[in-house]
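Each chain, letter by letter, is given below.
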Amino acid sequence: WGVQVLGMKNVANARKLLEQFVLRRTYDEVGIYLPKIIEQTIHVEFTDEARKRYNRVRDEYRLQLKEFEGMSIPFYWAVEVIQMLRQLTCTYEKVKVARDLALDSPRPIVFTWYRYAAKVIAGSLSKKAITGEVPPLERYALAEEQSIAVATLGSLTEGVDLSDFRSVIFFEEDYSPGVNLQALSRVRRFGFAENEPLLVYYIHVKNTIDEIVHSKQKARANSIKDV
């Protein structure tokens, strides 16, 4: 017993009514008033041993697909393999690139997908990582008090103003373009230094899932714009 909302009877009339009171702007429309973005992708090479480990995991999964051809493969198999491949790209060489880039960039914030990666990078910089383990009310203050911030994407993507930072480093990216955009938008805001561009870096291990995730989420972001 109670009210059940099934939807609007007349969507066109509802929109016409709301247009009198609602001002809507796209991100592209607002973007002309925001700082210019300068993007750069930095490629990292695997060591021979790291490449062998990565290829072994990838190839074993491909063999499984061939063995079960024509049959339904459990979805969690693919998820598990993808997670393993992403974790294997968190190499010493990639962490070193992130560390050096953070030290050379103006007031940077480094975003990671994995908590482990955030802790390793932050440790190499003698900073404290901002992850889900840090109480929500303390995350913003921790970011502001550090000259270099390292955070997981899920911990600092909503409800905070990070416009004091001057560069963004994506050590890892989310599968969803919306999450990456949210993280970027915390920095690219009104209040950012006038006429100063926002530097955005993407760190990828060559010929790995890093590049695939990046290309897929960029393609999804463009398709959403076209709708």
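Bear in mind that the values here come from a model prediction, so they are computed numbers and not experimental data.

**Some details on the layout of surface pockets**
Line of reasoning, step 1. By volume, the second largest pocket is sized at about 430 Å³.
Line of reasoning, step 2. Along its surface, the second largest pocket is lined by 18 residues, and I82, L85, I209, I212 and V213 are the ones closest to its centre.
Line of reasoning, step 3. Broken down by secondary-structure element, the contributors of at least two residues to the lining of the second largest pocket are α3 (48–67), α4 (75–88) and α9 (209–226).
Line of reasoning, step 4. In terms of residues, the lining of the second largest pocket owes the most to one element, α9, which gives six residues.
Line of reasoning, step 5. Grouping the amino acids of the lining of the second largest pocket by side-chain chemistry returns eleven nonpolar, three polar and four charged.

**Structural notes on helix α5 (residues 92–104)**
Line of reasoning, step 1. An ideal rise of 1.5 Å per residue puts 18 Å on 13 residues; α5 measures up with 18 Å between its terminal C-alpha atoms.
Line of reasoning, step 2. Taken residue by residue, α5 has K94, V95, A98, L101 and A102 as its buried positions. The arc enclosing the buried residues of α5, seen along the axis, measures out at 130 degrees, which places them on a common side. Exposed residues on α5 whose side chains face more than 90 degrees from its buried face are Y92 and D104.

**Remarks on empty space enclosed by the protein**
Any space left empty among the atoms is revealed by the rolling of a water-sized probe across them.
Line of reasoning, step 1. Under the defined criterion, the tally for this structure stands at one cavity of 30 Å³ or more.
Line of reasoning, step 2. Around the largest cavity, the lining residues are R86, K94, F170, F171, E172, E173, I203, H204, D210 and V213.
Line of reasoning, step 3. When contributions to the lining of the largest cavity are tallied by element, the ones reaching two or more residues are β5 (198–205) and α9.
Line of reasoning, step 4. When the residues that make up the lining of the largest cavity are grouped by side-chain class, the tally is four nonpolar, one polar and five charged.

**Focus on the sheet that holds strand β3 (residues 149–152)**
Strand pairs in the sheet, formed through backbone hydrogen bonds, run parallel or antiparallel to each other.
Line of reasoning, step 1. Sheet architecture is open: five strands sit in the order β1-β5-β4-β2-β3, paired in parallel fashion. Bordering the open sheet on either side are β1 (37–44) and β3, each of which pairs with just one other strand. Averaged over all pairs of adjacent strands, the angle between strand axes in this sheet comes to 20 degrees, irrespective of strand direction.
Line of reasoning, step 2. As judged from the four bridges shared by strand β4 (residues 167–170) and β5, these two strands associate in the parallel manner. Note on β5: the bridge partner recorded for V168 is V200.
Line of reasoning, step 3. Its contacts with the sheet place helix α8 (residues 177–187) against β1, β2 (108–112), β4 and β5, and it is angled at close to 160 degrees to β4.

**Here's the deal with the pattern of salt bridges**
Side chains bearing opposite charge may pair, as long as their charged atoms lie close to each other.
Line of reasoning, step 1. Throughout the structure, instances matching the rule amount to ten salt bridges.
Line of reasoning, step 2. The salt bridge involving D210 is made with K94; its shortest N-O contact spans 2.8 Å. Taken together, the residues span a long stretch of sequence, with D210 in helix α9 and K94 in helix α5 at a distance of 116 residues.
Line of reasoning, step 3. Among the residues examined, D210 registers a relative accessible area of 6% and is labelled buried.
Line of reasoning, step 4. Taking the shortest distance from any N to any O, the salt bridge between R115 and E133 comes out at 3.4 Å. Here the residue R115 occupies a position in helix α6 (residues 115–124), and E133 occupies one in the loop between α6 and α7 (136–145), the gap between them amounting to 18 residues.
Line of reasoning, step 5. Judged by its relative accessible area of 44%, R115 is partly exposed.
Line of reasoning, step 6. What makes E133 partly exposed here is its relative accessible area of 48%.
Line of reasoning, step 7. What emerges from the salt-bridge pattern is a single network uniting R58, D59 and R62.

**Comments concerning the packing of aromatic side chains**
Line of reasoning, step 1. Tallied over the full model, the rule gives five aromatic pairs.
Line of reasoning, step 2. Arranged with centres 6.4 Å apart and planes meeting at 90 degrees, the rings of W113 and Y114 form a pair that is edge-to-face.
Line of reasoning, step 3. Clustering of aromatic rings is evident, with ring pairs tying together F111, F170 and Y202.
Line of reasoning, step 4. One residue, R86, lies across the ring of Y175, its end atom 4.8 Å from the ring centre.

**Focus: a nonpolar patch on the surface**
Line of reasoning, step 1. Together, L17, L18, F21 and V22 give the surface a local cluster of nonpolar side chains, amounting to about 430 Å² of exposed area.
Line of reasoning, step 2. Checked against the element boundaries, L17 lands in helix α1 (residues 11–18).

**With respect to the pairing of β3**
Line of reasoning, step 1. Of the two faces of β3, both are covered, the one formed by A149 and A151 as well as the one formed by V150 and T152.
Line of reasoning, step 2. Strand direction decides the pairing type here: β2 and β3, joined by four bridges, are parallel. Residue pairing for β3: V110 is matched across the bridge by V150.

Reading guide: rules and limits
Residues numbered from 1 in each chain as written. Predicted model: local features only at pLDDT ≥ 70, side-chain atom pairs only at ≥ 80, totals over all residues. Heavy atoms only, no water. 1 Å grid on protein atoms, 1.4 Å probe; cavity = no way out; pocket = protein on both sides within 12 Å on 5 of 7 lines; lining within 4 Å. Points joined across faces, edges and corners; volume = space filled by probe spheres on them. Helix = DSSP H or I, 4+ residues; strand = E, 2+ residues; numbered from the N terminus. Nonpolar A, V, L, I, M, F, W, Y, C, P; charged D, E, K, R; others polar. Expected span 1.5 Å × (residues − 1). Buried < 20%, exposed > 50% of the residue type's maximum accessible area, 1.4 Å probe, protein only. Arc of directions from axis to C-beta. Pairing = 2+ DSSP bridges. Axes fitted to C-alpha atoms, helices over the stretch in contact; angles between N-to-C directions. Contact = heavy atoms within 4.5 Å. Salt bridge = Lys/Arg side-chain N within 4 Å of Asp/Glu carboxyl O. Phe/Tyr/Trp six-rings, centres within 6.5 Å; stacked < 30°, edge-to-face > 60°. Lys NZ or Arg CZ within 6 Å of the ring centre and 35° of its normal. Patch = residues over 30% accessible without salt bridge, like charges linked within 9 Å, V, L, I, M, F, W, Y side chains within 5 Å. Areas by Shrake-Rupley, 256 points an atom, 1.4 Å probe, with all protein chains shown as cover.

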